[in-house]
Structures are given as C-alpha cells and as structure tokens.
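Below, each chain spelled out in residue letters.
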Amino acid sequence: MFGVTTHELGHEWFPMVVGSNERLYAWMDEGFNTFINIYSTLAFYSDTAPRDRGNAIQWARFAASGLDVPSMLPADRVPPPLLGQAEYNKPATGLYLLREHILADTARFDAAFREYIRRWAYKHPTPADFFRSMEDRLGEDLSWFWRGWFYRTDVVDLAVDSVRARTDSTGTSALVYLSSPGALPMPVDLRLTYANGATEDVRLPVEIWYLGNRYTYQRKVPTEVVKVEIDPKQNFPDVRRGNNTWMKP
Ligand SMILES: [Zn+2]
C-alpha cells in the first residue's frame, strides 16, 4: 500500500509537470518515479540501503539471466513480463547507481536532477534532453553510462586477473592487472590488503577503460600485497563476482 501510494504521488511530477512521452519513453516517468521511491521507501522503513530496487545485487542477478531488454524500447515493444524490469527497475537502479556510487556525490547529482526538472517543467523532454541537461550541470561526460545502461543490455563484469610486484631503486610497486570482460565499464573500487594486514581503498575512474578492456594499475606499496578485491562493498551490479578477488597464491 505504501509502495503504490508513494509511486502514484510521484506521477504528479513525472510526467504531469515534466511532460516526457510515456508511450515512447516510459522509463522517463516510471523510472524516475521508481528512483525517487527508493528513497521514500528507505525513509518510510528506516532502512539505510535498498533491499530490492536500487540494490546492485538484485540487478546483477537479473542482468546475468540474459532476459534484460533496453529501457529505451517503447513500452508496447517490451514483453509484458519484463516491463517492470525495463521501464521501472532498471532506470531506477541505474540512477541510484549514478547518484550513490558512480558520481558518489549526492549533492552534485541532486543539483543536476533539479536543474533538469526546472528546465523541462511544462515542456516535453526526450531522453537526449535529460542526458544533455544532466551532463551540462554535472560538467561530466556520461555518454558511456547512458549508452550502456539505457540503450543497451551490456553487463558489468570487472575482474582482477593477476598481481605482480616490481622492485627498483625507488621502492616496490604493485602491478594490478584489471579487465572488464563485460561491455559496460564502471569506475573501479579496489581494496588492497598488505602482508601486515593493513588495507587501502582506491577508486580508479571509469576513464581507465577508454583505451580498451584491459588496464594495468601501478601503485607504490609499503609492503607485499597479498589480496586485491574489486568492489568489496558490492555497490556495483557485477554479474560475475568470482573474478573480483585475487589472493597471493
Ligand atoms: Zn507509475
């Protein structure tokens, strides 16, 4: 009962004030509402992280099933059993991922999202208007994300293939060999564990994937690296977690 009430209230804004075309782009009102519902649900149930929509693990499970269809499809071209995923859950989970973990800056996201609402209230935005307005206010190229998440069904699969140490006169470096066998790139949150038990967290930006789906991260290290883990907090919808961790053999 709470779910449907909070959802339908949101339709007063999307699409009734920001008048996107529901027949062509259902995700622009259903998805935006569902995105906002993630937060109203967290507040209503006093939760800190989404259990269902918005939760990266639930999305990764569905994406791995191969049933995903692009959110960009008009609703009448989406098989009815998949409508909830394509037009509600996927755009909502994607915007949650963008706000919380890709930008990892809720104030920046909110300023851009509000600016989109302000610019397009009582008008008829298309997806490109939303993407451009967000990028304009954020000052950031997110074409890789819009393309992978909204137009396509690419999956996130980040992997750490191996780790080597290199010592020279300047000290010891770790070479962390990363790959992205899924077609949807993401920033990489790495946790390095050292032989003395200490850990260090590093964020590598999505731009590391600009030249291909392999990247070698080099870092000066105080002592031997014994473990490297990608996305230890499971914030990203990685469809294959088995390749996310490297342990010193
Ligand atoms: Zn709705």
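Residues numbered from 1 in each chain as written. Predicted model: local features only at pLDDT ≥ 70, side-chain atom pairs only at ≥ 80, totals over all residues. Heavy atoms only, no water.

**Some details on the domain arrangement of the protein**
Partitioning the protein into structural domains gives domain 1 (2-151) and domain 2 (159-247). A C-alpha centroid distance of 30 Å is found between domain 1 and domain 2. Opposite the 14 residues of domain 1 that make contact, domain 2 presents 13 residues. For the pair domain 1 and domain 2, the summed buried area comes to about 1200 Å², and 73% of that belongs to carbon and sulfur atoms. Looking only at domain 1, the three residues that lose the most surface to domain 2 are Ala-56, His-101 and Trp-144, adding up to 44% of its buried area. On the surface where domain 1 and domain 2 come into contact, there are 0 salt bridges. Mapped onto the side of domain 1 that touches domain 2, the elements with two or more residues apiece are helix 3 (56-64), helix 4 (83-102) and helix 7 (143-151). A breakdown of the residues in the side of domain 1 that touches domain 2 according to their chemical character gives 11 nonpolar, 2 polar and 1 charged. (Domains from an automatic or database assignment. Contact = heavy atoms within 4.5 Å. Buried area = accessible area lost by both parts, 1.4 Å probe. Salt bridge = Lys/Arg side-chain N within 4 Å of Asp/Glu carboxyl O. Helix = DSSP H or I, 4+ residues; strand = E, 2+ residues; numbered from the N terminus. Nonpolar A, V, L, I, M, F, W, Y, C, P; charged D, E, K, R; others polar.)

**Topic: the coordination of the zinc ion**
All of the protein donors around the zinc ion are His-7 (NE2), His-11 (NE2) and Glu-30 (OE); their distances to the metal are 1.9 to 2.0 Å. Site description for the zinc ion: donor spacing in sequence, H-x3-H-x18-E. You can see His-11 sitting in the loop between helix 1 (2-10) and helix 2 (27-44) and its partner Glu-30 sitting in helix 2, a full 19 residues away along the chain. Each member of the pair, His-11 as well as Glu-30, carries the same accessibility label: buried. (Donors = N, O, S within 2.8 Å, 3.2 Å for Na, K, Ca; no water. Buried < 20%, exposed > 50% of the residue type's maximum accessible area, 1.4 Å probe, protein only.)

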